[in-house]
Amino acid sequence: MSTDPPTTLGGVPQIPETVHELTVGQLSARSGAAVSALHFYESKGLISSRRTSGNQRRYTRDALRRVAFVRAAQRVGIPLASIREALAELPEERTPTHEDWARLSAAWRTELDRRITRLSRLRDHLADCIGCGCLSLETCALSNPDDVFGERLTGSRL
Ligand code: FES
């Protein structure tokens, strides 16, 4: 483990490339995730660590990207189970490459597009819904966020 003093970039602690394993404190400081959150992610199988002889956790550097991915996905409301499934696609036996991450990101594009569409619909109809209160299963963006009846309604009403 390096004893070099920590450097920062934009207030974010930087981990020298020569450091191949991170303590939980380093991972927390670099990723911005609380130590308790990292323990939670580990308990859910989203990241993993090895234990030292003193029973301290050590994370490989790719845990930084994994944590960044988890946090970004959580911010847009992706369930942890889906995040875990996605991360399971990454290779266990080696550090994920840029291509691995690109493949994972591409696989999520459809899901993210679906969420953006759903949120946009909710944004555009929320004021109407608050003033309405009908919670119609057919027309309400709150009750029917995916607009599953949208095509039928559009056709019949038009
Ligand atoms: S509550 Fe009436 S349209 Fe949503």
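Per chain, residues are indexed from 1 in the order of the written sequence. Selection of residues for local features in this predicted model requires a pLDDT of at least 70, selection of side-chain atom pairs for listing and counting requires 80 or more, and totals for whole chains, interfaces and linings are taken over all residues. Excluding hydrogens and water, the side-chain values take into account all heavy atoms of the structure.

Visitor: I tried to follow the nonpolar core on my own but got confused; where do I start?
Guide: One recurring pattern in soluble globular proteins: nonpolar side chains tend to sit buried together. Counting 25 residues, the largest nonpolar core has Leu 27, Leu 38, Phe 69, Ile 83 and Leu 87 as the members making the most contacts within it. In this text, helices come from DSSP runs of H or I with a minimum length of four residues, and strands from runs of E with a minimum of two, each type numbered from the N-terminal end. Mapped by element, the contributors of at least two residues to this core are helix 1 (24–31), helix 2 (35–43), helix 3 (62–75), helix 4 (80–88) and helix 5 (98–132). If one sorts the elements of this core by residue count, helix 3 sits on top with six residues. Once residues within four sequence positions are removed from consideration, Leu 27 is found in contact with Leu 22, Gly 32, Leu 38, Ile 47, Tyr 59, Ala 63, Leu 64 and Val 67. The nonpolar core is taken to be a set of buried Ala, Val, Leu, Ile, Met, Phe, Trp, Tyr and Cys residues, with the residues joined through side-chain atoms within 4.5 Å. Summary of the burial criterion: residues with accessible area below 20% of their type's maximum are buried, those above 50% are exposed, and those between are partly exposed, where the area comes from a 1.4 Å probe applied to protein chains only. Note on contacts: a residue pair is in contact if any heavy atoms of the two residues lie within 4.5 Å.

Visitor: Where do I start with the layout of surface pockets in this structure?
Guide: Which parts of space are left empty comes out when a probe the size of a water molecule is rolled across the atoms. A volume near 330 Å³ is recorded for the largest pocket. Taken together, 22 residues make up the lining of the largest pocket; nearest its centre are Ser 48, Thr 60, Asp 62, Arg 66 and Glu 92. Of all the secondary-structure elements, those providing two or more residues to the lining of the largest pocket are strand 5 (57–60), helix 3 and helix 4. Classifying every residue of the lining of the largest pocket by side-chain character gives eight nonpolar, five polar and nine charged. Lining residues are those with an atom within 4 Å of a point, where the points come from a 1 Å grid over the protein atoms alone and group into cavities, where a 1.4 Å probe fits but cannot get out, or pockets, open sets with protein on both sides within 12 Å along at least five of seven lines. Grid points are joined across faces, edges and corners, and a volume is the space filled by probe spheres set on the points. Space inside the second largest pocket adds up to approximately 240 Å³. Around the second largest pocket sit Glu 17, Arg 30, Ser 31, Arg 61, Asp 62, Leu 64, Arg 65, Ala 68, Thr 95, Pro 96 and Trp 101, which together line it. Ranked by residues supplied to the lining of the second largest pocket, first place goes to helix 3 with four residues. Residues belonging to the lining of the second largest pocket are distributed by class as follows: four nonpolar, two polar and five charged. Note on residue classes: Ala, Val, Leu, Ile, Met, Phe, Trp, Tyr, Cys and Pro are nonpolar, Asp, Glu, Lys and Arg are charged, and everything else, Gly too, is polar.

So yeah, pure geometry; function would need other evidence.
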